[in-house]
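Here is what each chain is made of, one letter per residue.
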Protein chains: 2
Amino acid sequence: MLIVKKFGGSSVADRECIFRVAERCIEDYKKGNDIVVVLSAMGDTTDELIEKAKNITPEPSRREMDMLLTTGEQISVSLMAMAMDSLGVPAISLNAFQIRMHCTSAYGNARLKRVEAERIRHELDSRKIVIVTGFQGVNKYEDYATLGRGGSDTTAVAIAAALHADACEIYTDVNGVYTADPRVVPNARKLDAISYDEMLELASLGARVLHNRSVEMAKKYGVQLVVRSSLNREEGTVVKEVVKLEKMLISGVASDKNTSRVSVIGVDDKPGVAFKIFNTLAKKGINVDIILQSVGREGTKDISFTIAQDDLNKTLKILEENKEALTIQNIGHEDSVAKISIVGAGMMSNPGVAAKMFESMFNANVNIKMISTSEVRITVLIDENDVDRAMRAVHDGFGLGD
Amino acid sequence: MLIVKKFGGSSVADRECIFRVAERCIEDYKKGNDIVVVLSAMGDTTDELIEKAKNITPEPSRREMDMLLTTGEQISVSLMAMAMDSLGVPAISLNAFQIRMHCTSAYGNARLKRVEAERIRHELDSRKIVIVTGFQGVNKYEDYATLGRGGSDTTAVAIAAALHADACEIYTDVNGVYTADPRVVPNARKLDAISYDEMLELASLGARVLHNRSVEMAKKYGVQLVVRSSLNREEGTVVKEVVKLEKMLISGVASDKNTSRVSVIGVDDKPGVAFKIFNTLAKKGINVDIILQSVGREGTKDISFTIAQDDLNKTLKILEENKEALTIQNIGHEDSVAKISIVGAGMMSNPGVAAKMFESMFNANVNIKMISTSEVRITVLIDENDVDRAMRAVHDGFGLGD
């Protein structure tokens with residue numbers, strides 16, 4: 001078997017962690033498997049490097065920032081190779097230049113394009129454990145570009161796809177994917193399996209178990225993912241195309257507090273107005289999430305939408321500057337809101353799912369501000385203070401607990 | 001003009017240092033020059049990285065060690081580019097992969113082979129200051145290999161040669177090359193110019209101003225070097241092919257305390273014995289410096305030679321193990337010895353130089369243990385305790401002071 005294993009920064013934070021990971025990899029290696037390990041930077045290294053840059057200038061160039069940040073992974077992979085070597089197992093570390101990890105040019109937010117597998121294959125053929133820097137690629141200018149936070153997951157999937165690996169294991173500090181955040185919903189249950197589509201909805205909704213792009217890429221290339229704990233030997237959760245094992249309507253409940261609502265009141269009720277508003281925001285790099293439009297008074301309409309909290313001030317400023325051009329009478333906003341979503345491939349063929357969710361929230365006395373749905377997801381916007389109560393109510397309402 | 005400037009680790013140790021270097025480079029840039037900057041790792045970074053590795057294993061693989069160490073320079077070049085950027089001057093950092101800095105495969109002690117200048121030229125053409133990682137190359141396996149301590153000097157010379165730079169400035173914490181170490185000889189004088197050959201003898205004799213290989217390479221490609229201070233604007237010392245400006249017999253006096261003497265007594269006085277002894281040592285990686293052979297008693301001879309102090313124990317062990325095969329009767333050694341050398345292109349045509357040196361030492365009551373000479377150098381071995389006194393005596397004897 002060829003197994004790609006990805007470990008995050010907390011899994012390689014110090015000597016003890018590094019050796020724990022090394023031994024775990026060696027165990028599988030000694031069973032005759034080929035092992036590729038993808039690592040993030042150790043512990044707080046990335047934050048420390050960012051600190052160094054900010055000490056030079058408050059707004060460092062993104063290109064140079066990536067040149068700086070990529071050293072973090074190079075340090076962890078070389079130390080890991082030394083650790084494995086010292087345990088008597090041949091190992092070799094490789095960076096993005098050495099494995100030709102091509103990516104798009106966007107510094108700080110690049111997407112992987114392709115990886116040339118020759119070098120990795122060559123080292124595996126000589127029975128070495130290959131340790132690869134996550135989070136980084138080389139763009140068309142022959143410069144380092146990083147993939148954004150959590151990008152090491154995507155690195156692992158890209159390598160697994162290129163090598164046609166038998167498994168791609170993502171190690172985290174939780175046992176797998178849960179029906180809800182166990183810190184909020186104590187009786188949340190670990191899922192044995194989940195489909196790519198459900199995982200995508202969960203990842204983008206703040207479940208934070210897997211990086212979104214990694215799931216997209218796994219789906220595209222049919223890479224079977226396993227999310228499991230680096231702290232114990234439990235089986236974890238398999239992410240794959242079709243999950244028939246579980247007969248449940250929904251797989252899980254997720255929440256996202258990093259949300260603000262903005263309303264533009266009394267805009268002209270004419271074609272093209274919504275387009276103009278969202279095009280203006282998109283050009284400034286604002287990602288709009290849920291959109292809701294309602295009829296206003298006297299030939300006008302009101303549009304509400306949600307954005308990430310960090311983007312609120314920028315968004316309000318842009319709207320204010322373009323108030324006249326966009327025919328906006330008033331701008332409102334609400335900062336302390338949150339999204340709650342239920343995700344499940346089963347809901348497509350079950351019309352009662354939305355009603356059941358709303359009923360659970362009504363029983364818990366939670367007011368719903370906005371609603372948005374996709375094929376495998378229903379999201380509602382509620383007051384931030386209601387989140388935990390709503391999560392537990394919905395989780396219980398669908399009988400997801402143990 | 002195209003100017004290559006090299007700054008060592010202490011010149012980029014912190015924010016203040018980085019900005020001082022940045023401003024100095026920008027000054028020359030704004031005069032219309034093209035600037036390439038070669039940097040070492042910041043301050044103690046390299047030592048800290050070595051510490052990290054030793055924390056994993058006492059004997060890390062050299063290949064992984066180089067993978068680790070090269071991050072040090074990548075950090076300093078990216079921070080320098082940010083600093084210049086923040087001062088309003090476009091700058092770009094480049095590592096050994098990006099400039100195709102090819103080197104031999106010896107990890108930890110690689111030699112530069114060639115550098116492809118395209119990328120640097122391209123960035124200079126768009127009027128950027130180009131900041132390059134010193135100390136590192138990429139070998140035929142497509143792995144990082146470091147050049148050994150002080151290798152950044154060689155990086156600077158290699159780039160200056162490839163770009164046909166008009167000047168290659170090596171910045172240090174001293175004002176240039178002196179007739180002797182000013183800490184030992186208070187009236188030592190700074191030289192305006194010195195020839196490659198003299199500089200080579202000085203560098204290899206522990207003057208520690210320039211890395212030896214960098215001078216060899218500068219001589220080979222005719223790169224004119226300037227050694228100058230990063231702390232002030234003094235002119236420094238020019239290192240070039242022929243120095244006619246100074247009419248002195250000798251250019252300077254250097255000492256090297258990192259020396260031990262070993263004697264093998266009573267070996268067979270037959271052809272091939274010396275060869276066998278030094279071949280045995282060479283195969284084990286021992287560098288022998290001065291060799292002196294004298295006639296022993298009854299058909300035997302005695303051979304004395306000097307080595308670096310670090311190699312003493314290993315050398316004694318090798319000789320002991322091969323005592324019979326090498327026909328050695330006794331092995332003697334002396335730890336507390338030092339070399340004193342005078343260097344000067346002028347001594348070739350002046351037969352009295354050696355005599356004058358010995359006279360100076362006699363007057364200072366310094367006993368000479370061994371003598372070795374080259375075309376531009378005379379070296380004597382003396383007791384380590386006599387070094388400072390001997391340095392001053394010789395320096396004064398040749399009238400080198402101010």
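Procedures and definitions
- Residues numbered from 1 in each chain as written.
- Chains lettered and ligands numbered in written order.
- Predicted model: local features only at pLDDT ≥ 70, side-chain atom pairs only at ≥ 80, totals over all residues.
- Heavy atoms only, no water.
- Helix = DSSP H or I, 4+ residues; strand = E, 2+ residues; numbered from the N terminus.
- Rg over C-alpha atoms; globule rule 2.2 N^0.38 Å.
- Buried < 20%, exposed > 50% of the residue type's maximum accessible area, 1.4 Å probe, protein only.
- Polar contact = N/O pair within 3.5 Å; in protein donor to acceptor, adjacent residues only side chain to side chain.
- UniProt positions renumbered as here; feature names shortened; annotations may be inferred.
- Contact = heavy atoms within 4.5 Å.
- Buried area = accessible area lost by both parts, 1.4 Å probe.
- Salt bridge = Lys/Arg side-chain N within 4 Å of Asp/Glu carboxyl O.
- Nonpolar A, V, L, I, M, F, W, Y, C, P; charged D, E, K, R; others polar.
- Least-squares fit on C-alpha atoms with pLDDT ≥ 70 in both.
- Pairing = 2+ DSSP bridges.
- Axes fitted to C-alpha atoms, helices over the stretch in contact; angles between N-to-C directions.
- Left-handed = near helix turned anticlockwise from the far one by under 90°.
- Phe/Tyr/Trp six-rings, centres within 6.5 Å; stacked < 30°, edge-to-face > 60°.
- Lys NZ or Arg CZ within 6 Å of the ring centre and 35° of its normal.

Undergrad: Looking at this model, I keep getting lost on the overall build of chain A. Mind explaining?
TA: If you tally the helices and strands in chain A, you get 11 helices and 18 strands. Radius of gyration (C-alpha) of chain A: 23 Å, near the 21 Å computed for a compact globule of 402 residues. The principal-axis extents of the C-alpha atoms in chain A amount to approximately 75 × 50 × 35 Å. Looking at chain A as a whole, 56% of its 402 residues qualify as buried.

Undergrad: Whenever I open this one, the environment of Ser 341 of chain A confuses me. Can you help?
TA: Residue and element names in this part refer to chain A. Along the polypeptide, Ser 341 turns up in strand E16 (residues 330-343). By relative accessible area, Ser 341 is classed as buried at 1%. Along the backbone, Ser 341 and Ile 250 are 91 residues apart, and their C-alpha atoms lie at a distance of 10 Å. Engagement of the side chain of Ser 341 in a polar contact is seen with the side chain of Thr 379, the distance being 2.8 Å.

Undergrad: Is there a simple way to explain the UniProt feature "binding site: ATP" (unreviewed entry) in chain A in this structure?
TA: Residues and elements named next belong to chain A. Under the feature "binding site: ATP" (unreviewed entry), the UniProt entry names Lys 6, Phe 7, Gly 8, Gly 9, Thr 172, Asp 173, Tyr 178 and Arg 183. Their sequence span is 178 residues, while the largest C-alpha to C-alpha distance among them is 24.2 Å; these annotated residues do not converge on one region. Not counting residues within four places of it along the chain, the set of residues in contact with Gly 9 comprises Ser 40, Ala 41, Met 42 and Gly 43. Its location among the elements puts Arg 183 in the loop between strand E9 (167-172) and strand E10 (193-195). Residue class for Arg 183 comes out exposed when judged on its relative accessible area of 76%. A polar atom in the side chain of Arg 183 sits 2.9 Å from the side chain of Asp 181.

Undergrad: Help me understand the interface of chain A and chain B in this model?
TA: In many analyses, interface size is given as the accessible surface area lost on bringing the parts together. With 41 residues of chain A at the interface, the matching set in chain B holds 41 residues. Counting the surface chain A buries against chain B, the share from its top three residues, Ile 56, Glu 64 and Met 82 of chain A, is 21%. Joining chain A to chain B, the criterion identifies 4 salt bridges. Asp 143 of chain A is the partner of Arg 119 of chain B in a salt bridge, and the nearest nitrogen-oxygen pair spans 2.7 Å. The interface formed by chain A and chain B contains 24 residue pairs in polar contact (both at pLDDT 80 or more). Looking at the side of chain A that touches chain B, the elements that each hand over two or more residues are helix H1 (15-30), helix H2 (45-56), helix H3 (62-86) and strand E3 (91-94) of chain A. Considering only residue class, the side of chain A that touches chain B consists of 21 nonpolar, 11 polar and 9 charged.

Undergrad: Explain the relation of the copies chain A and chain B here, please?
TA: Relating the two copies of this chain is a rotation about some axis coupled with a shift parallel to it. Between the two copies, chain A and chain B, the superposition gives an RMSD of 0.1 Å; the rotation angle is 179° and the shift along the axis is 0.0 Å. Between the two chains, the operation in question is that of a two-fold axis. Minimal C-alpha distance to the rotation axis in chain A is attained by Thr 71 of chain A, lying at 2.7 Å. The overlap is high: 100% of the interface residues of chain A also sit at the interface in chain B, so the same surface is used on both sides.

Undergrad: Explain the pairing of strand E15 (residues 300-307) of chain B to me, please; I cannot follow it from the model alone.
TA: Remember that side chains alternate between the two faces of the sheet whenever the strand is regular. Residue and element names in this part refer to chain B. Of all 8 residues in E15, 8 are buried, a share of seventy percent or more. With burial as the criterion, each face of E15 is covered, one bearing Thr 300, Asp 302, Ser 304 and Thr 306 and the other bearing Lys 301, Ile 303, Phe 305 and Ile 307. By the bridge criterion, 7 bridges tie strand E13 (residues 252-268) to E15 in an arrangement that is antiparallel. Bridging across to E15, Ser 260 finds its partner in Ile 307. Sheet topology places strand E14 (residues 288-295) next to E15; 6 bridges connect them, and they run antiparallel. Following the sheet pairing, Leu 292 is matched in E15 by Ser 304. Counting the residues that bridge the hairpin from E14 to E15 gives 4 residues, and of these Glu 298 lies at a positive phi of roughly 45°.

Undergrad: What should I look at first to understand the packing of H3 of chain A against helix H2 (residues 45-56) of chain B in this one?
TA: The angle between the axes and the distance between the axes are what describe a pair of packed helices. The contact between H3 of chain A and H2 of chain B brings their axes to 9 Å, and the two run at 35°. Handedness of the crossing formed by H3 of chain A with H2 of chain B: right-handed. Residue-level contacts link Ile 75, Leu 79, Met 82 and Ala 83 of chain A of H3 of chain A to Leu 49, Lys 52, Ala 53 and Ile 56 of chain B of H2 of chain B. Per-class residue counts for the contact of H3 of chain A with H2 of chain B are 7 nonpolar, no polar and 1 charged.

Undergrad: I tried to follow the sheet that holds strand E1 (residues 2-7) of chain A on my own but got confused; where do I start?
TA: Hydrogen bonds between backbone groups are what pair the strands of a sheet, and the pairing can be parallel or antiparallel. Residues and elements named next belong to chain A. Ordered in space as E3-E6-E2-E1-E9-E11-E12-E10, the 8 strands form an open sheet in which the pairing is mixed. The strands lining the two open edges of the sheet, one partner per strand, are E3 and E10. Looking at each pair of strands side by side, their axes are set apart by 20° on average, direction ignored. Relative to strand E11 (residues 225-229), E9 runs parallel, the two sharing 5 bridges. Counterpart to Thr 172 in the pairing with E11 is Ser 229. The strands touched by H1 are E1, strand E2 (34-39), strand E6 (129-133), E9 and E11; relative to E1, the strand with the most contacts, the crossing angle is about 170°.

Undergrad: It is not clear to me how the packing of aromatic side chains should be interpreted in this structure. Could you clarify?
TA: Summed over the entire model, instances satisfying the criterion amount to 7 aromatic pairs over all chains. Between Phe 7 of chain A and Tyr 171 of chain A, the ring centres sit 4.3 Å apart and the planes meet at 15°, which makes this aromatic pair stacked. Of this pair, Phe 7 of chain A sits in strand E1 while Tyr 171 of chain A sits in strand E9; the two residues are 164 residues apart in sequence, bridging distant segments of the chain. In this structure, Phe 7 of chain A and Tyr 171 of chain A share a single accessibility class: buried. An aromatic cluster is present here, built from Phe 97 and Tyr 144 of chain A together with Phe 97 and Tyr 144 of chain B joined pairwise through their rings. Between the NZ or CZ atom of Arg 127 of chain A and the centre of the ring of Tyr 29 of chain A, over which it lies, the distance is 4.0 Å.

Undergrad: Just checking my understanding: could you explain the sheet that holds strand E15 (residues 300-307) of chain A for this structure?
TA: All names here are of chain A. Strand order across the open sheet formed by 6 strands is E14-E15-E13-E16-E18-E17, with antiparallel pairing between neighbours. Among the strands making up the open sheet, the edge pair consists of strand E14 (288-295) and strand E17 (370-374). Strand-to-strand, the axes of this sheet are offset by a mean angle of 30°, without reference to chain direction. Where strand E13 (residues 252-268) lies against E16, 11 bridges are found, and the strand directions are antiparallel. When the bridges of E16 are listed, Val 262 appears paired with His 333. Where helix H11 (residues 387-397) meets the sheet, its contacts fall on E13, E16 and strand E18 (377-383), and the angle it forms with E13 comes to roughly 115°.

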